Amino acid sequence: MEDQKSNYQENIHNEEFKLKYTKANITYEDMIYDSGREKESLNGYWNFCIDQYDTFLRAEWYKEESRDDKGRDFPLDYDFEDWEKVFVPSCWNTEKPEYFYYEGSAIYTRTFKYINRGEKKVFLKCGAANYEAYIFLNKEIIGYHKGGSTPMFLDITHRVQMYNRVTIVVNSTRRKNQVPANNTDWYNYGGLYRDVEIIRLPEVFIKNFNISLVNGSNFKDIKIKIQLNFKINCEATLKIPELGIKNIISIKEGKGYEIIQSQPKLWSPEDPKLYRVEVSCQHDVIKENIGFREIQVKGTDIYLNGKEIFLKGISCHEESVVNGKAIKEEEIIENLKLAKEMNCNYMRLAHYPHTEKTAKIADEMGIMLWEEIPVYWAIDFDNPVTLMDAQNQLKELITRDSNRASVIIWSVGNENADTNSRLDFMRNLAITAKEEDPTRLVSAACLVDHVENKIDDRLADYLDILGINEYYGWYDPDFEKLPSCFINSNITKPVIISEFGADACAGYRGTYDDLFTEDMQEDIYKKQIKTISGVKYIKGISPWILYDFRCPRRHNKIQRGYNLKGLFSRDKKQKKLAYYVIQQFYANK
Ligand code: GCB
């Protein structure tokens, strides 16, 4: 390092160039509660440049140095203002054909003006950037974030000026030690694909708050937890006008906790009642709409508000043909509407945290949700750094959505081989989820034990609900194994069939035995439904999947880069035959 320093052009020789940036790591601990607050949007056109060799980071372009110490100009390899403009939020893959397959670093930069309006704190929020984000403000690194689907918050109070340049380097490279790792069955979109915003706050503000029914209180107790940014003693106020609630909550060392008796009308998919909730402390106020409901398991049953339920679900990726992962609000509403029309009461948001907008809209529309972190397939389970990353993504997700009534399940992973190191890793996550949020259920989508042909995953001991993915009739054409698998299994908890399905090209017809036809998909759905209906411990299903999605692993003449297990075509314009099987099944359930 010393040698390199004395060398002309250090940056081209230093392969440890990332170290000084990754030290600025930001995590769930840096999050602030931003829902129900006023924000200013930095969305819109940003200057953009693909940075294949990471030269921005290596050569410290953020410093914008253009002269040596004697005042002589040297040539620069960048020109922020001259770069092309791309819209934020978006995925670069869908912005231009030549970026479609690009994985690596890209630079987003823009300027903004800021004048203080009396606020004491200023935060920058970025909803998500896949996978790493290096955030710079006014020639300084201000944060580094790992995890492609959760938000990051940066306190810029002491760095924001009247004229500002914000630059975010996003790196979408897949790596063995990341979560997810190298291999997934979905497209690896890169980009700054969720909202970028500025939040102005007073000196003392509500860093986090959580409000929910107390489990087992007969729906009569509401508990509220408040955390301030300072460890001070003071008072906060909770108002829920429709319930006649106006309570003072005493805050000790920055924390407040109170149980309030009330009998709210309960949130449910049939009647997604939300209350206007207002929490304030000194000069800070949060106002948002929140629902109250209780979700529990007893034996092999699931209860919503004390009533036994069956989760009539569908799985869904966060994707659209046009926008990739940067799906728009209209698209989220469309997806939830399609699910409702199919008589669903539940959706599995696979395989990573979807935007917080989805849970908000699901709160309003009345759809229960399974939310998941991307501990998917082969993960570096022995690596403590990978575990920290997964833990952090889980905590960021839980913190973000903890007041969404629609969210009933946190899932800690999908289809991971049942090894000792995986068990340690995922047990850890399941315990974390429970500790962070005892009011919801913890699950994971597990594999069937194919050797013994039974459901027998050691992780089950740490889960409230066992998710099972099975593709009998499709990957395993011997459908008869499914009924025997259910008979062979010794089950003491509710089971959800978190996936089953088959590929079908919309409009492609044939016999029940012709692969990739709608007819074969329909036949498999009929057999699945018939078998599953007869199994008492199965308390929900989320077939794979609402609509076809991009997948770099699928290249036969029918797939052409798409996973075709959707009940709708990729543009959601065509319904496949299996759609009606599910719609009917749910109507009768
Ligand atoms: C699975 C995975 C899902 C895949 C699906 C498939 O088990 O969980 O991500 O897309 O199978 O189509 O093979």
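Relevant structure appears above.
In this report, we go over the structure that sits alongside the text. Here the residue index of a chain counts from 1 through its sequence in written order. Only residues with pLDDT of at least 70 are given local features in this predicted model, and only at 80 or more are side-chain atom pairs given and counted; all residues enter the totals for whole chains, interfaces and linings. Values shown for side chains rest on all heavy atoms present in the structure; no hydrogens or waters enter the calculation.

## Looking at the overall build of the chain
Consideration 1: Helix and strand counts for the chain stand at 10 helices and 32 strands.
Consideration 2: For the chain, the C-alpha radius of gyration of 25 Å lies close to 25 Å, the compact-globule estimate for 589 residues.
Consideration 3: C-alpha atoms of the chain, sized along the principal axes, occupy 80 × 60 × 45 Å.
Consideration 4: Out of the 589 residues belonging to the chain, those deemed buried represent 60%.
Consideration 5: Only four residue types enter the tally: Lys and Arg on the positive side, Asp and Glu on the negative side, with His and both chain ends excluded. Charge positions are represented by NZ for Lys, CZ for Arg, CG for Asp and CD for Glu. Of the side chains in the chain, 81 bear a positive and 90 a negative charge, and the two mean positions are spaced by 3 Å. Secondary structure elements follow DSSP: runs of H or I no shorter than four residues count as helices, runs of E no shorter than two count as strands, and numbering proceeds from the N terminus. A radius of gyration in this sense is built from C-alpha atoms; the matching globule rule multiplies 2.2 Å by the number of residues raised to 0.38. Burial status follows relative accessibility: with a 1.4 Å probe on protein chains alone, a residue under 20% of its type maximum counts as buried, one over 50% as exposed, and anything between as partly exposed.

## A short note on empty space enclosed by the protein
Consideration 1: The pocket and cavity definitions rest on a 1 Å grid over protein atoms only: a 1.4 Å probe that fits but cannot leave marks a cavity, an open set with protein on both sides within 12 Å along at least five of seven lines marks a pocket, and residues lining either have an atom within 4 Å of a point. Grid points are joined across faces, edges and corners, and a volume is the space filled by probe spheres set on the points. Per the stated rule, a full pass over the model turns up 4 cavities of 30 Å³ or more.
Consideration 2: Roughly 190 Å³ of internal volume is contained in the largest cavity.
Consideration 3: Along its surface, the largest cavity is lined by 20 residues, and Asn130, Tyr131, Pro180, Trp186 and Asn188 are the ones closest to its centre.
Consideration 4: In this count, Pro and Cys sit with the nonpolar residues alongside Ala, Val, Leu, Ile, Met, Phe, Trp and Tyr, while Asp, Glu, Lys and Arg are called charged and the others, Gly among them, polar. Here the lining of the largest cavity is built from residues that sort into 10 nonpolar, 8 polar and 2 charged.

## A closer look at a nonpolar patch on the surface
Consideration 1: Where nonpolar side chains cluster on the molecular surface, the patch consists of Ile115, Met162 and Tyr163 and spans about 330 Å² of accessible area.
Consideration 2: By secondary structure assignment, the location of isoleucine 115 is in the loop between strand S4 (105-113) and strand S5 (121-126).
Consideration 3: Given the relative accessible area of 46%, isoleucine 115 is considered partly exposed. Two joining distances apply to patches: 9 Å for like charges and 5 Å for nonpolar side chains (Val, Leu, Ile, Met, Phe, Trp, Tyr), and every residue must have over 30% relative accessible area and no salt bridge. Only the protein chains shown count as covering a residue, and every accessible area follows the Shrake-Rupley method with a 1.4 Å probe. Within this document, salt bridges are pairs made up of a side-chain nitrogen of Lys or Arg and a carboxyl oxygen of Asp or Glu, the two lying within 4 Å of each other.

## What about helix H9 (residues 518-533)?
Consideration 1: Working rule for helices: expected span equals 1.5 Å times residues minus one. A rise of 1.5 Å per residue sets the reference length of H9, with its 16 residues, at 22 Å; its end C-alpha atoms lie 22 Å apart and thus fit the reference within 8%.
Consideration 2: Extensive coverage of H9 is indicated by the burial of 12 of its 16 residues.
Consideration 3: Those residues of H9 lying buried are Glu518, Asp519, Met520, Gln521, Glu522, Asp523, Ile524, Tyr525, Gln528, Ile529, Thr531 and Ile532.
Consideration 4: Throughout, a contact is declared for two residues whenever any of their heavy atoms are within 4.5 Å. Those residues of H9 hidden inside the fold are in contact with helix H8 (481-488), strand S29 (495-499), strand S30 (538-541) and helix H10 (577-588).

## Quick notes on the packing of H9 against H10
Consideration 1: Interaxial angles span 0 to 180 degrees and are taken between N-to-C directions of axes, which are lines fitted to C-alpha atoms, for helices over the stretch in contact. Two elements in contact, H9 and H10, have axes whose closest approach is 7 Å; the angle formed by their N-to-C orientations is 20°. One element, H9, and the other, H10, form an angle in the roughly parallel class. Two packed elements cross with a definite hand, and for H9 against H10 that hand is right-handed. The segment H9 lies against H10, with Glu518, Asp519, Gln521, Glu522, Tyr525, Lys526, Ile529 and Ser533 engaging Leu577, Ala578, Val581, Ile582 and Phe585.
Consideration 2: Of the residues that constitute the contact of H9 with H10, the class distribution is 7 nonpolar, 2 polar and 4 charged. Any angle between 65 and 115 degrees counts as roughly perpendicular, while under 35 counts as roughly parallel, over 145 as roughly antiparallel, and the rest as oblique. By convention the crossing between two helices is left-handed if the near helix lies anticlockwise of the far one by an angle smaller than a right angle, and right-handed if it lies clockwise.

## A short note on the nonpolar core
Consideration 1: Buried residues of nine kinds, namely Ala, Val, Leu, Ile, Met, Phe, Trp, Tyr and Cys, make up a nonpolar core once their side-chain atoms join them within 4.5 Å. In this structure, Met347, Val375 and Ile541 are the most contacted members of the largest nonpolar core, which totals 75 residues.
Consideration 2: In contact with methionine 347, not counting residues within four places along its chain, are Ile314, Cys316, Asn335, Leu336, Ala339, Ile367, Met368, Leu369, Trp370 and Leu546.
Consideration 3: Membership of the second largest hydrophobic core comes to 31 residues, among which are Phe48, Tyr99, Ala129 and Leu192.

## Let's talk about the site of the ligand
Consideration 1: As a matter of local geometry, the ligand sits amid 14 residues, with Asp185, Tyr376, Glu415, Tyr475 and Lys565 nearest to it.
Consideration 2: Each polar contact in these results corresponds to two N or O atoms within 3.5 Å; when the atoms are within protein, one needs to be able to donate a hydrogen and the other to accept it, and residues that are neighboring in sequence are counted only if both atoms are side-chain atoms. Here an oxygen atom of the ligand and a side-chain polar atom of asparagine 414 are 2.9 Å apart.
Consideration 3: Here the ligand loses 97% of its free accessible area of 320 Å² to cover by the protein chains.
Consideration 4: Split by residue class, the shell around the ligand holds 5 nonpolar, 4 polar and 5 charged. By convention in this text, a residue qualifies as near a molecule or strand provided that one of its non-hydrogen atoms is within 4 Å of it.

## A short note on the pairing of strand S26 (residues 407-414)
Look at any regular strand and the pattern is simple: side chains alternate between the two faces of the sheet.
Consideration 1: Across the 8 residues of S26, 8 count as buried, placing the element largely inside the fold.
Consideration 2: Here the rule is simple: two strands pair whenever DSSP picks up at least two bridges between them. In the sheet, strand S25 (residues 368-372) pairs with S26 via 4 bridges, with the strands oriented parallel. Note on S26: the bridge partner recorded for glutamate 372 is serine 411.
Consideration 3: Judged from the 4 bridges that link them, S26 and strand S27 (residues 441-447) form a sheet pairing that is parallel. Residue pairing for S27: asparagine 414 is matched across the bridge by alanine 445.

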